[in-house]
Structure formats: structure tokens, C-alpha cells
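# Chain and residue survey
Spelled out from the first residue to the last, the chains are:
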Amino acid sequence: MRITVLGKSPAWQDADGACSGYLVEGGGKIVLLDCGPGVFAKLRRFVDYVDVDAVVISHLHADHILDLVPFASGLRYAPRQQPVPVAGFPGTDDPARPRLFAPPGALEAFAGLCAASGMTADHIEIAFEVTVYDPADRVELGGLTARFQPVPHFIAANAVELAEDGARLTFSSDCGPNEELCTFARDTDLLLIEATLPRPERDGERGHLTPAEAGEHGARAGARRLVLTHFSDELDADWAREEAGRAFGRPVDAAHEGASYQVGG
Ligand SMILES: [Zn+2]
Ligand SMILES: [Zn+2]
């Protein structure tokens, strides 16, 4: 299984960057994990979007879903996706319709997003075969198995595990400090973990982690490898790596666009 970082920005993009989006190839499948603003363009550098088998969404914040709108437009309006031949494009009787696994509340969120931006409310549901997952579900995608773990955030959010033949990739989603992620990610091969904050939120609910907290979570989980993500280019990545590495007990990576990690075999 291989994961490629398409976008690692937090809720606002880095210069020339993209928000949350990771390409996972394994088990004979091509999976997009999250689809934030800017991700569709980055995805197209690596794979043809009609070849994506499934999109898995961790939570319904804008920085994790907004590019589902242009992705759906490509699937619906690209000439090669049309059943009726158009000059220069033969069309197809079998247009691509990737699966889309999204958390509870997704249908209402997608309908509102599409309707509010001038599309029909069912724009995403037409383009994708949408399944609203229960976080207790286990989803089989060819040779990949997806599992979910609710984690504390400002809205319902789920850490996501993708596994193939015992090799495990765990993505924290966005989360504040918690024990559930550590248990869920126990002994994982690669923990891709958010490290959004230069310092903990000053007041109110915790919804994100600092790099040091991300390192602590990785250590508590016993993760074999730790990769920080969801941090701004306005945060010093070397400082983040040092902070996290000190807490993790050994070096960690900081995600950057185009970085690719092999997980297992
Ligand atoms: Zn986010
Ligand atoms: Zn979020």
C-alpha cells in the first residue's frame, strides 16, 4: 500500500498548496482519503480521476470536502463521461461513478453545499455512489479494509484506518487530545497525524493538536512511523518535526505535497 500526500494544509491552503487529501493505492484499488479545496487538481497529477475507485471522507469540515464539487462536475460533465458521443470524444456507455464513503450527516451537508453554490442539490450524489458509513462499520474495498474511530473535534470526526494484508495506515482526521486514537492506532505501521497548532487553544474546547501532542499520541499508540500533517506553511516544519520527535522518541516526518510513503510490503 502506498500513500501520497496531495494536500497537507490546514483549513487554509499553503501557497500553491491544497487542504486535506491523500491518495492511497493498494489492494488493487485507488482511494482518495479526504477531498479538500485544491485536492482535485493535485489528484490529477498522479492519477486519472475516472480511475479513482472510492473516496473516503473523515469529517464534513469544508477543508476536507469542498473539492467534491469540482470532482463531481468532472464526472458528470467531461465529454468522455457522456453516453452520447460528442465530436472528438467517443463517449462511453459505462461512465465512471466512484464510490464515496462519508460520515453521518453527509447527504444533508452535500445537498446544502451544492444547492448553495448553484448546482443541483443532488450534484454529488449523481456523480458518486454515496454510502453514509456508520463509524462502527468495516468497509471492504478490494484488498483494502477501512475502519473508523470517532475522535473529539468541533464536529463529528473519524480517524480512518486503511489496511492491506496486515499493513496498516492510520489517519487521525482532525482531533483534540484523546485516548481513542491511540488505542485505534495501536502498533500501526504509519500514523498520519494532524499537528495544526503552534500552541494549545487558549480557551474552549480542544479540537486540534500541537506537534508535541502529535508526537505523544504517536508514542502512546506505539506507531512504527509518524507523519505530521494539517499544518500551515506559516508554521516552521523543522520546529514541528523537532517538537514531535522529542515526544515520539525518534525522528518523525512532516508531510509535504507529493511525499509518498510505502506502508508494508
Ligand atoms: Zn481540517
Ligand atoms: Zn476539521
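Let me sum up the structure you'll find in this document. (Residues numbered from 1 in each chain as written. Chains lettered and ligands numbered in written order. Predicted model: local features only at pLDDT ≥ 70, side-chain atom pairs only at ≥ 80, totals over all residues. Heavy atoms only, no water.)

Before going further, it helps to spend a moment on the coordination of the zinc ion (ligand 2). Summarising the metal site, the zinc ion (ligand 2) is bound by the protein donors His59 (NE2), His61 (ND1), His153 (NE2) and Asp174 (OD), whose distances to it range over 2.1 to 2.4 Å. In this structure, the zinc ion (ligand 2) is coordinated by four donor atoms arranged in irregular fashion, with angles at the metal of 91 to 163°. One chain supplies every donor to the zinc ion (ligand 2), and in sequence these donors are spaced H-x1-H-x91-H-x20-D. (Donors = N, O, S within 2.8 Å, 3.2 Å for Na, K, Ca; no water. Tetrahedral: all angles 85-135°; square planar, octahedral: opposite > 155°, others 65-115°.)

This next bit is on the pairing of strand E2 (residues 21–26). Burial within E2 is extensive, with five of its six residues counted as buried. Where strand E1 (residues 2–7) lies against E2, five bridges are found, and the strand directions are antiparallel. Directly across from Gly7, in E2, lies its bridge partner Gly21. Note: E2 against strand E3 (residues 29–33), five bridges, orientation antiparallel. When the bridges of E3 are listed, Tyr22 appears paired with Leu33. (Buried < 20%, exposed > 50% of the residue type's maximum accessible area, 1.4 Å probe, protein only. Helix = DSSP H or I, 4+ residues; strand = E, 2+ residues; numbered from the N terminus. Pairing = 2+ DSSP bridges.)

This part covers the pairing of strand E7 (residues 138–141). The side-chain alternation of E7 yields one buried face, formed by Val139 and Leu141, and one unburied face, formed by Arg138 and Glu140. Bridge analysis of E7 against strand E8 (residues 144–151) gives four bridges, and the strand direction is antiparallel. In the sheet register, Arg138 faces E8, and the bridge partner there is Arg147. Turn length for the E7-E8 hairpin, with the two strands adjacent in sequence and antiparallel, is two residues, and the turn residue Gly142 shows positive phi of about 55°.

Here we take up the sheet that holds E1. Read from one edge to the other, the open sheet built from seven strands follows the order E6-E5-E4-E3-E2-E1-E14, with strand pairing classed as mixed. Where the open sheet ends on each side, the last strands, each with one partner, are strand E6 (129–132) and strand E14 (260–262). Each strand axis lies, on average, 20° off the axis of its neighbour in the sheet, ignoring direction. (Axes fitted to C-alpha atoms, helices over the stretch in contact; angles between N-to-C directions.)

With twelve residues, helix H8 (residues 237–248) ought to run about 16 Å at 1.5 Å a step, and its terminal C-alpha atoms sit 16 Å apart, in line with that. The complete set of buried residues in H8 reads Ala240, Ala244, Gly245 and Phe248. Projected down its long axis, H8 shows its buried positions confined to an angular sector of 125°, all on one face. Facing away from the buried side of H8 by over 90 degrees, the exposed positions are Glu242 and Arg246. On its buried face, H8 sits against helix H7 (211–221) and strand E12 (226–229). Gly249 lies just past H8 and shows a positive phi near 95°. (Expected span 1.5 Å × (residues − 1). Arc of directions from axis to C-beta. Contact = heavy atoms within 4.5 Å.)

Structurally, Arg220 can be placed in helix H7. Residue class for Arg220 comes out partly exposed when judged on its relative accessible area of 35%. Expressed as a C-alpha distance, the spacing of Arg220 and Val130, which sit 90 residues apart in the sequence, is 35 Å. With sequence-adjacent residues up to four places away left out, Arg220 is seen in contact with Asn178, Glu179, Cys182 and Arg186. Of the polar contacts made by the side chain of Arg220, one reaches the side chain of Glu179; its length is 3.0 Å. (Polar contact = N/O pair within 3.5 Å; in protein donor to acceptor, adjacent residues only side chain to side chain.)

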